[in-house]
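Read off the chains here:
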Amino acid sequence: MEEKKTEKSISDILQFVAPGAPIREGIDNVLRAKTGGLIVVGYNDKVRSVVDGGFHINSPFSPSYLYELAKMDGAIILNDAGTKILYANAQLAPDVYVPSTETGMRHRTAERVARQTNALVIAISQRRNVITLYQGGFRYALKDISVILTKANQAIQTLEKYKVVLDQSISNLSVLEFEELVTYGDLLQVLHRFEMVLRIKNELLTYLSELGTEGRLIRLQMNELLADIEEEAMLIIRDYAHNRDIKPFEVLYKFQELVHSEVLDDNVLLKLLGHHGYVHHDDAICPRGYRVLNKIPRLPIVIIENLITEFESLPKVCSASVDDLDEVEGIGEVRARKIKEGLKLIKEQTFADRQL
Ligand SMILES: Nc1ncnc2c1ncn2[C@@H]1O[C@H](COP(=O)(O)OP(=O)(O)OP(=O)(O)O)[C@@H](O)[C@H]1O
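- The name recorded for the protein chain in an unreviewed UniProt entry is DNA integrity scanning protein DisA, from [Bacillus] enclensis.
- In its Catalytic activity (unreviewed entry) section, UniProt records this for the protein chain: "2 ATP = 3',3'-c-di-AMP + 2 diphosphate".
- Of the protein chain, the UniProt comment under Cofactor (unreviewed entry) reads exactly: "Mg(2+)".

Okay, here's the thing in structure tokens:
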């Protein structure tokens, strides 16, 4: 059974042995040659205590050296970064009381050494055509690249669908913002859709770690799909956070962290935005206007901040006259007119999009 480990470490490990990495080329050669192999990455005191004999090689890592050395019995020991081959033909003698669920000697040894030393241990099976990674209590059998590619492609398609749904709910939010009809329920719906998109993104990132260079195209597709979502999320956070001191970066970071570990309920999402206490879904909430004002071309963020300091909310900015806008620091008559026109155009566009 595979034990849990934090996602980050898993993806680090997967990247370390992903296609495109020299170590993967070496492992694949060993796999094809059917000699089998046992590789320990890292040579610290704990590893030293389980190593018995072997040849001190101390040469730079190369896939073909690994392949040649794997023809010998015993384990190959690399440095932490996997850039040097330190020992070959080493006998490993881990504590036999360290539990192992494996049956063959190579895999039992690999699992025990990993548990005992916390080093990454890679077992390449001679007979079964599998590569198994161990570190601490974590065990992972690398999957065939074509299987991961299929999964990643499915995840991209799912991501596309969820992105469409998210975009739809963001444009609905815009309409409601101009109509002054946003409720907590509407805001939560948008946040949950962000959550879904981030969830699929996380899943994709795990596949991409394992795919290495084979996942380049999928990574491009993912980046393009998600290009503007972080900015959009931060503008929504700025618009609806309980107060303006809340840092959108921090909220977004926490949001992404939480998406890793749990399904988020409404209260968690509202708390992230600094809203404590009971709110009803149908209660009204008013945006400050960061997101809409950000759509006006060439309007610097300092001016947006000044507008929000002065008027506090989007509806009030919208209903301000050119003269009112002109009063705001940094805004002259020309810019005041541009803001008025800009808001009018965005409103028309928003309503026109709704008709589609
Ligand atoms: N303690 C150890 N230290 C170093 N190498 C070991 C150790 N135990 C086993 N090996 C290596 O593993 C090889 C194969 O062992 P065995 O067939 O029992 O393993 P296995 O887990 O069934 O793996 P495979 O699927 O490759 O057959 C040995 O010839 C030896 O090179």
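### Section: the site of the ligand
Argument step 1. Around the ligand there are 16 residues in total, and Gly104, Met105, Arg106, Ser125 and Gln126 lie nearest to it.
Argument step 2. Residue assignment for the shell around the ligand shows that the elements contributing at least two residues are β5 (84-92) and α5 (105-117).
Argument step 3. It is α5 that contributes the most residues to the shell around the ligand, four residues altogether.
Argument step 4. By residue class, the composition of the shell around the ligand is four nonpolar, eight polar and four charged.

### Here we look at the packing of helix α6 (residues 145-179) against helix α8 (residues 216-225)
For any two helices packed against each other, the geometry is given by the interaxial angle and the distance between the axes.
Argument step 1. Taken N-terminus to C-terminus, the directions of α6 and α8 make an angle of 10°; their axes are 11 Å apart at the nearest point. It follows that α6 is roughly parallel to α8 by the angle criterion. Contacts between α6 and α8 involve Ala152, Asn153, Ile156, Leu159, Glu160 and Lys163 on the former and, on the latter, Ile218, Gln221, Met222 and Leu225.
Argument step 2. Residue classes in the contact of α6 with α8 are distributed as six nonpolar, two polar and two charged.

### Digging into unusual backbone geometry
Argument step 1. In this structure, glutamate 180 is a non-glycine residue whose phi angle is positive, near 60°.
Argument step 2. As for its position among the elements, glutamate 180 is in the loop between α6 and α7 (184-211).
Argument step 3. On the neighbour-count criterion, glutamate 180 (14 C-beta atoms within 10 Å) is partly exposed.
Argument step 4. Despite not being glycine, arginine 298 shows a phi value in the positive range, around 55°.
Argument step 5. Tracing the chain through its elements places arginine 298 in the loop between α12 (290-293) and α13 (301-311).

### Overview of the nonpolar core
Argument step 1. Of all hydrophobic cores here, the largest spans 83 residues; its most connected members are Val40, Ile76, Ile77, Val121 and Ile122.
Argument step 2. Counting residues per element, this core draws most heavily on α7, which supplies 11 residues.
Argument step 3. Not counting residues up to four positions away in its chain, the partners in contact with valine 40 are Val47, Ala75, Ile77, Leu78, Val113, Ala119 and Val121.

### What about the packing of α7 against helix α10 (residues 248-261)?
Argument step 1. Orientation of α7 relative to α10, taken along the N-to-C sense of each, is 65°, at an axis distance of 10 Å. Between α7 and α10, the angle is such that the two are roughly perpendicular. Both α7 and α10 take part in a crossing whose hand is right-handed. Across from Glu195, Leu198, Arg199 and Asn202 in α7, the residues of α10 making contact are Gln256, Val259 and His260.
Argument step 2. Across the contact of α7 with α10, the residue classes tally to two nonpolar, three polar and two charged.

### Quick word on the UniProt feature "binding site: ATP" (unreviewed entry) in the protein chain
Argument step 1. As recorded in UniProt, the sites labelled "binding site: ATP" (unreviewed entry) are Gly74, Leu92, Met105, Arg106, His107, Arg108 and Thr109. The annotated residues occupy 36 residues of the chain but converge on a single region, no pair of C-alpha atoms lying more than 13.2 Å apart.
Argument step 2. When residues no more than four places from it in sequence are discounted, the contact partners of arginine 106 are Gly36, Leu38 and Ala123.
Argument step 3. Relative to the assigned elements, arginine 108 resides in helix α5.
Argument step 4. Aside from chain neighbours lying at most four places away, what touches arginine 108 is Ser100 and Glu102.

Rules used in this analysis
- Residues numbered from 1 in each chain as written.
- Predicted model: local features only at pLDDT ≥ 70, side-chain atom pairs only at ≥ 80, totals over all residues.
- UniProt positions renumbered as here; feature names shortened; annotations may be inferred.
- Near = placed C-beta within 6 Å.
- Helix = DSSP H or I, 4+ residues; strand = E, 2+ residues; numbered from the N terminus.
- Nonpolar A, V, L, I, M, F, W, Y, C, P; charged D, E, K, R; others polar.
- Axes fitted to C-alpha atoms, helices over the stretch in contact; angles between N-to-C directions.
- Parallel < 35°, antiparallel > 145°, perpendicular 65-115°, else oblique.
- Contact = placed C-beta atoms within 7 Å.
- Buried ≥ 20, exposed ≤ 12 C-beta atoms within 10 Å, placed from the backbone.
- Core = buried A, V, L, I, M, F, W, Y, C linked by C-beta atoms within 7 Å.
- Left-handed = near helix turned anticlockwise from the far one by under 90°.

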